[in-house]
Amino acid sequence: MPEAPSIDDGNFDENNKKLIQFFEDITSNANDVQKNVLNEILSRNSGVEYLQRHRLIINGNNDDYENFKKIMPIVTYEDLKPDIDRIADGDRSPILCSQPISEFLTSSGTSGGERKLMPTIEEELGRRSLLYSLLMPVMNKFVPDLQKGKGMYFLFIKSEAKTPGGLLARPVLTSYYKSSYFKKRPYDPYTNYTSPNETILCLDSYQSMYSQMLCGLCQNTQVLRVGAVFASGFIRAIRFLEKHWPILCRDIKTGTLNPQINDPMVRESVMKILKPDPDLAEFIEMECSKESWKGIIPRLWPNTKYVDVIVTGTMSQYIPTLKYYGNDLPLVCTMYASSECYFGINLDPLCEPSEVAYTLIPNMGFFEFLPVARDDQGPQKSNKYDKDNLVDLVDVKLGHEYELVVTTYAGLYRYRVGDILKVAGFKNKAPQFHFVCRKNVALSIDSDKTDEVELHDAVLKASTHLVPFETSLTEYTSHADTSTNPGHYVLYWEINNDESDETLIPTSVFEDCCLTIEESLNSVYRQCRVSDKSIGPLEIKVVENGTFDKLMDYAISNGASINQYKAPRCVNYAPIIELLNSRVVSSYFSPKCPKWVPGQKQWLSS
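Nothing here was measured: the structure is a model prediction, and the numbers come from that model.

Check the secondary structure of the protein and you find 22 helices and 22 strands. Split into buried and exposed, the 606 residues of the protein put 56% on the buried side. If you sum the accessible surface of the protein, you get close to 25,200 Å²; carbon and sulfur atoms cover 50% of it.

Burial analysis of strand β10 (residues 342-346) places five of its five residues in the buried class, which makes it a mostly covered element. Across three bridges, the pairing between strand β9 (residues 335-337) and β10 is antiparallel. Each residue of the ladder has a partner; that of Y336, found in β10, is G344.

Attention shifts here to the pairing of strand β3 (residues 150-154). Counting buried residues along β3, five of its five residues qualify, which places the element largely inside the surrounding structure. Burial of the side chains of β3 extends over both faces: K150, M152 and F154 are buried on one face and G151 and Y153 on the other. Here β3 pairs with strand β6 (residues 223-230) via five bridges, running parallel. Among the inter-strand pairings, Y153 is bridged to a residue of β6, identified as G227.

Sheet architecture is open: four strands sit in the order β3-β6-β7-β8, paired in parallel fashion. Taken across any chain shown, the strands that pair with only one partner, and hence form the sheet edges, are β3 and β8 (331-332).

Turning our eyes to something else, we now look at unusual backbone geometry. At the junction of N485 and P486, the peptide bond is cis and its omega measures out at -5° in the coordinates. Note that P486 resides in the loop between β19 (473-481) and β20 (488-495). Residue R414 is not a glycine yet carries a positive backbone phi of 55°. Along the polypeptide, R414 turns up in the loop between β14 (401-407) and β15 (415-427).

Turning our attention to the sheet that holds β10. Read from one edge of the open sheet, eight strands run β9-β10-β11-β16-β15-β14-β12-β13, paired in antiparallel fashion. Only two strands of the sheet have a single neighbouring strand rather than two, namely β9 and β13 (391-392). Summarising the sheet, β14 and β15 pair through five bridges and their orientation is antiparallel. Across the sheet, V405 pairs through a bridge with R416, a residue of β15. In the packing of helix α2 (residues 30-44) onto the sheet, contacts are made with β12 (366-371), β14 and β16 (430-438), and the angle to β12 comes to roughly 110°. In the packing of helix α4 (residues 63-71) onto the sheet, contacts are made with β12, β13 and β14, and the angle to β12 comes to roughly 35°.

Basis of the calculations
Residues numbered from 1 in each chain as written. Predicted model: local features only at pLDDT ≥ 70, side-chain atom pairs only at ≥ 80, totals over all residues. Heavy atoms only, no water. Helix = DSSP H or I, 4+ residues; strand = E, 2+ residues; numbered from the N terminus. Buried < 20%, exposed > 50% of the residue type's maximum accessible area, 1.4 Å probe, protein only. Areas by Shrake-Rupley, 256 points an atom, 1.4 Å probe, with all protein chains shown as cover. Pairing = 2+ DSSP bridges. Contact = heavy atoms within 4.5 Å. Axes fitted to C-alpha atoms, helices over the stretch in contact; angles between N-to-C directions.

Okay, structure coming up:
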């Protein structure tokens, strides 16, 4: 994340030193800070219904910490959903938190096909801004003089809705960008972007992207850093440029703005930057007209020092593309955060993406860790999810993997975030973690997260279209294909009829299968397809009979146990994808976008 809220007195070097010292202090006293955080959360929320329901008595002393650990259960979203639904429906009693819930932050994780609603309180914006303020002091140690130029970041808001009780429900970044912390920030070189606020706050994705790209091109020599939130978003911006550079050049050459940009506030803000510049237009045209777009980022923005995007977890699939466009510019991951809580920062931002480790900031929330052993680590199974297995922040062990469990000021208690982390080291007493994976996520292109269960249910539903043709699905697997623009889900299907009979099944049937799967996936996926247009139509590739036997043979030849082998529901390994593609007999795409409108299903039907 690029934002670092401004520091009032303008003495940036001195304030940087103070922030670094603050960080040293809280990481050196991580255990005490964590206990104080938990005691503060419990004391202010002692009377809420949720804690009383679990018979947790708050005494205001050290016993509270021990009682909490003995009594409070580990929970998932489904455990909290009845209480969250009450708040969403308008119940203003202190159910989870003593302070009023100011809004819901919609998580990209899903529940029952819909976004999760994470409660938040007004003061959380200030707490998150503290984490933002630490980013540039860290970055400045590795890349000095960033205040002498601008950042070209492609930042966007997404649609928001209101719950039946009148609370806003929107993504965490939309909440931040629309807050006074972002919109009314005083001038600060570290938050000096090429994109005017109006272009970021435009809900029309085309107008927002076009105007941000145009402003970034107009100020190309001032740009010292480029980025977006996710790697996928930045690549989408570069591919947008590949498609639209001729009209962007025309605007720059003439100093007039494309009439498709019709939002009055966007037009006004862009026209303050856009001036006729035939030489710049000619330069951009010359670079974009070349056969290869390798290194296009430093070619167009020659003073760029790094690319600031998230490339951990599922976003790592975009690293080769970013290196191609960036000519191996450093890929920087600055922070680790979610809708539930902001967690930590990367103290070695110029490290290789595979080495990114986030230092958890002890005062952001109360953190516990559940030891896990993933299926792909051997015969050992994951520990049973029990509160007695939880490990405190300062007690995690180097090299071990854990699922993150968080207690927040806004009313989450021992909540399983679903992220699997591996201890990579320590900053003083605070652990540093590699992000390993999102628990159970099978497919992801952008902000979407589709798990195996959701995918399996969608595939089963779609396969019923084959029944009238006396055909059924034998086996399947999937792949998030990011070689296309935009990326899309690919499903490999093996069906139980002879290849000679496949032509008897109309193309429209397989297209219906594609659309049924898309209609069955969660609202985040469908929003990316319909509104954001960051995911392309789902594709089904029908493969030859016996293909999954070949897949098993390949796995066994590489050491898999024939007794324990099961077909993977998601594949990323290039040789396996090559094997599957070599046996494709036909391919079909979803014929149209799935249905999607802002808001939860139950809100729309009420």
